[in-house]
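# Remarks on the overall topology
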Amino acid sequence: MAEGGEDRDWQRLDKWLWCARVAKTRAACSRMVEAGSVRINRQPTDKPHARLRPGDVLTLALGSPERGSVRIWRVLALGGRRGPASEARGLFEDLSAPPPSQQG
């Protein structure tokens with residue numbers, strides 16, 4: 001029996017990351033999760049199939065260890081498709097602190 005409810009109240013983590021345009025391919029999103037670069041509600045996960053729901057808070061370690069950044073996003077909606085960047089920005093709220101200003 002197929003899981004018809006997947007896109008109703010939850011979505012696979014890798015699929016949501018792909019819809020939110022975190023990486024170019026869903027496979028790249030899966031590898032990022034498997035590498036331990038994602039936390040859901042402060043809990044580490046390495047499962048691309050983890051269930052993601054609106055209201056969940058994601059902590060993403062993006063980039064390399066030397067030049068990377070940490071982003072904190074609250075999930076606002078589930079992704080129906082991978083659309084343009086403007087549509088992807090509507091899937092989450094960025095809770096990350098703004099980077100320190102470069103005053104010189």
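In this report, the structure presented in the accompanying data block is examined. (Residues numbered from 1 in each chain as written. Predicted model: local features only at pLDDT ≥ 70, side-chain atom pairs only at ≥ 80, totals over all residues. Heavy atoms only, no water.)

### A closer look at the packing of aromatic side chains
Taken as a whole, this structure holds three aromatic pairs when the rule is applied. Their ring planes at 65° and their centres at 6.3 Å tell us that Trp 16 and Trp 73 sit as a pair that is edge-to-face. Separated by 57 residues along the polypeptide, Trp 16 in helix H2 (residues 13–19) and Trp 73 in strand E6 (residues 69–75) bring together distant segments of the chain. This pair shows no difference in class: Trp 16 is buried, exactly as Trp 73 is. With a relative accessible area of 0%, Trp 16 lands in the buried category. (Phe/Tyr/Trp six-rings, centres within 6.5 Å; stacked < 30°, edge-to-face > 60°. Helix = DSSP H or I, 4+ residues; strand = E, 2+ residues; numbered from the N terminus. Buried < 20%, exposed > 50% of the residue type's maximum accessible area, 1.4 Å probe, protein only.)

### Looking at the state of the cysteines
Enumeration over the complete set of coordinates arrives at zero disulfides. The thiol sulfur of Cys 29 is not disulfide-bonded, and the nearest other cysteine sulfur, from Cys 19, lies at 8.9 Å. (Disulfide = S-S within 2.5 Å.)

### Considerations on the environment of Cys 29
Of note, Cys 29 is situated in helix H3 (residues 26–34). Counting along the chain gives eleven residues from Cys 29 to Trp 18, while the straight-line C-alpha distance between them is 6.3 Å.

Purely spatial values, then, with no claim about function.
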